[in-house]
Amino acid sequence: MLDFCIIGSGISGSTIAYYLKKKYSINVYDKARGVGGRSSFKRYKGKIGFDHGLQYLSPRSKEFKSFTKKLIKKKVLKHWKGNHEFLNERIKKDKKHVKLIGVKGNNDISKFLLKNIDCNFQSELSEIKRQKDYWYLKFRDNKYIYSKNLIITAPFPQAKKLTSKFVITKLFKNKVVMNSSLTVLLMTNKTGNKASSFFTNDKVLGWVSKENSKKRFKFNKDLWVLQSTFEYGKKHTDNYRNKKKFYTNVLISKFKKLTKTKIKKIYFTHIHGWKYSSNSKPLNIQSYWDKKIGLGLCGDWFGGPRLENGWLSAKDLYKKIVK
Ligand SMILES: Cc1cc2nc3c(=O)[nH]c(=O)nc-3n(C[C@H](O)[C@H](O)[C@H](O)COP(=O)(O)OP(=O)(O)OC[C@H]3O[C@@H](n4cnc5c(N)ncnc54)[C@H](O)[C@@H]3O)c2cc1C
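Procedures and definitions
- Each residue is numbered by its place in its chain's sequence as written, counting from 1.
- Only residues with pLDDT of at least 70 are given local features in this predicted model, and only at 80 or more are side-chain atom pairs given and counted; all residues enter the totals for whole chains, interfaces and linings.
- Two strands qualify as a pair provided that DSSP identifies no fewer than 2 bridges between them.
- Labels follow the DSSP assignment, with helices taken as runs of H or I lasting at least four residues and strands as runs of E lasting at least two, numbered in each case from the N terminus.
- The angle between two axes is taken between their N-to-C directions and runs from 0 to 180 degrees, where each axis is a line fitted to C-alpha atoms and a helix contributes only its stretch in contact.
- Here the C-beta atoms are placed from the backbone, and a residue counts as buried if at least 20 other C-beta atoms lie within 10 Å of its own, exposed if 12 or fewer do, and partly exposed otherwise.
- To obtain the arc, one takes the directions from the helix axis to the C-beta atoms.
- In this description, any two residues whose backbone-derived C-beta atoms lie within 7 Å of each other are considered to be in contact.
- Multiplying 1.5 Å by the helix residue count minus one yields the expected span of that helix.
- The rule is simple: place the C-beta atom from the backbone, and if it lies within 6 Å of a molecule or strand, the residue is near it.
- For this classification, the nonpolar set comprises Ala, Val, Leu, Ile, Met, Phe, Trp, Tyr, Cys and Pro, the charged set comprises Asp, Glu, Lys and Arg, and every other residue, Gly included, is treated as polar.
- As used throughout, domain bounds are those supplied by an automatic or database domain assignment.

> Run through the sheet that holds strand E12 (residues 178-188), naming residues and quoting values.
Taken together, six strands build an open sheet; the order of strands is E6-E13-E14-E15-E12-E16 and the sheet is mixed. Among the strands making up the open sheet, the edge pair consists of strand E6 (84-86) and strand E16 (266-279). Recorded for the sheet is a direction-independent mean angle of 20° between the axes of neighbouring strands. Pairing of strand E13 (residues 197-199) with strand E14 (residues 205-210), which is carried by three bridges, proceeds in the antiparallel orientation. Bridged to Ser197 within E14 is Ser209.

Structure (structure tokens):
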């Protein structure tokens, strides 16, 4: 029987898996088709693709800075210098933060941490039961496994739905509001726009990135990622599926207007709604561990809206487990 079953292959799941595998037998399960969770990379062709969720890292804590430095040396991460434009004076302060990205895609950190670890994709955990001194774990496709310990790294609402029956503290009494947002992936003719990204000052479109500026590939077309504001996402993420063309056009029109980019031809678009994009209010604990029943929870939502918080939460959980 497995020592640990880990749910999620984002930064939190891959970090806890990386540390636990040194001592225990582990397996990772994710409902998605590939690695990275909200730091996924959507491949178009070969090396060409889009950072679908997470845009870049700006390490703040000493611990995470030192971890990212190691990953730069190992050529997993690199600096994204370029020409970052600020259409909003208020957030200009962001300019001073470094911007790190994956060398091939922003799921590179998770790929690196999960090297040589058994990962099962398209496997959605749907039911958990504690039996004697182990967990019975049932997946959406009726497959089931047994594991001595269970770690869940899903966003707050999903983690709560699966585990609230077993969590003995007041953890789930916390009000964790996760923001929603819409992302449009867009491929156009070469526009001549030299910017690498735009922080906007708009109520609908919050951020634009030019994927070509990340220097991962050479291509005779421009690739853009357009992200809505949380304000717009809150109103529209629940029903975007019925009006994909409409929402895609709203973000593209805003992009053209705000950045004065001249688009002659559109070759590809894709829209995605992030229901649980991130939460802005940190909790007063970094992770949850119940040794008695072998249940652990970690994720960015313990610490705030950035990938670094997921990494710190997973490390905190690991320390609790091996204490
Ligand atoms: C659009 C967008 C832009 C962002 N931009 C930035 C940024 O620029 N900088 C930054 O630092 N952060 C950014 N973030 C936040 C960052 O992406 C997250 O903080 C980080 O990726 C969270 O990692 P995690 O491992 O905690 O959660 P996740 O990445 O969400 O991983 C959880 C995993 O669990 C899986 N899962 C959930 N439920 C189940 C189940 N029942 N069974 C199996 N698998 C399950 C999911 O498929 C997922 O892969 C952004 C997020 C979004 C959505």
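On we go from here.
> I'd like a rundown of helix H4 (residues 156-163), residues and numbers included.
Each α-helix turn comprises 3.6 residues. Residues three or four places apart therefore point the same way. Within H4, the full set of buried residues consists of Phe156, Gln158, Ala159 and Thr163. Burial along H4 is one-sided: seen end-on, the buried residues are contained in an arc of 165°. Of the surrounding secondary structure, the elements contacted by the buried residues of H4 are strand E9 (125-131), strand E11 (144-152), E12, E16 and strand E18 (295-297).

> Describe in detail helix H2 (residues 62-73), supporting the description with residues and values.
With 12 residues, H2 extends 17 Å between its outermost C-alpha atoms, agreeing within 8% with the 16 Å of an ideal straight helix rising 1.5 Å per residue. With its phi angle positive at about 60°, Lys75 sits one or two positions after the end of H2.

> Can you tell me about the site of the ligand, naming the residues and giving the values?
Around the ligand, 37 residues are found, and the nearest of them are Gly8, Gly10, Gly37, Arg306 and Gly310. Counting residues per element, the ones that place at least two in the shell around the ligand are helix H1 (11-20), E12, E16 and helix H7 (307-322). Partitioned by chemical class, the residues of the shell around the ligand number 12 nonpolar, 18 polar and seven charged. Here the shell around the ligand gathers at least three residues from each of two domains, domain 1 (2-55 + 106-175 + 285-322) and domain 2 (84-103 + 179-275).

> Before we move on, could you go through the pairing of strand E4 (residues 48-51) and cite the residues and values that matter?
Remember that side chains alternate between the two faces of the sheet whenever the strand is regular. Where strand E3 (residues 41-45) lies against E4, four bridges are found, and the strand directions are antiparallel. From the neighbouring strand, Phe41 faces E4, where its bridge partner is Asp51. Taken together, E3 and the strand that follows it, E4, pair antiparallel across an intervening segment of two residues, in which Gly46 is found at a positive phi of about 50°.

> Go over the domain arrangement of the protein, please, and point to the residues and values.
Segmentation of the protein into domains returns domain 1 (2-55 + 106-175 + 285-322) and domain 2 (84-103 + 179-275). Domain 1 and domain 2 are separated by 29 Å when their C-alpha centres are compared. At the level of secondary structure, the elements contributing two or more residues to the side of domain 1 that touches domain 2 comprise E3, E4 and helix H3 (108-113). Among the elements that take part in the side of domain 1 that touches domain 2, E4 stands out by supplying three residues, more than any other.

> Before we move on, can you summarise the environment of Asn107 with the specific residues and values?
Residue placement: Asn107 occurs in the loop between strand E7 (100-102) and H3. The class of Asn107 is buried, set by 27 C-beta atoms lying within 10 Å. The residues touching Asn107, leaving out its near neighbours within four places in the chain, are Val35, Gly36, Ser39, Ser40, Phe41 and Gly102.

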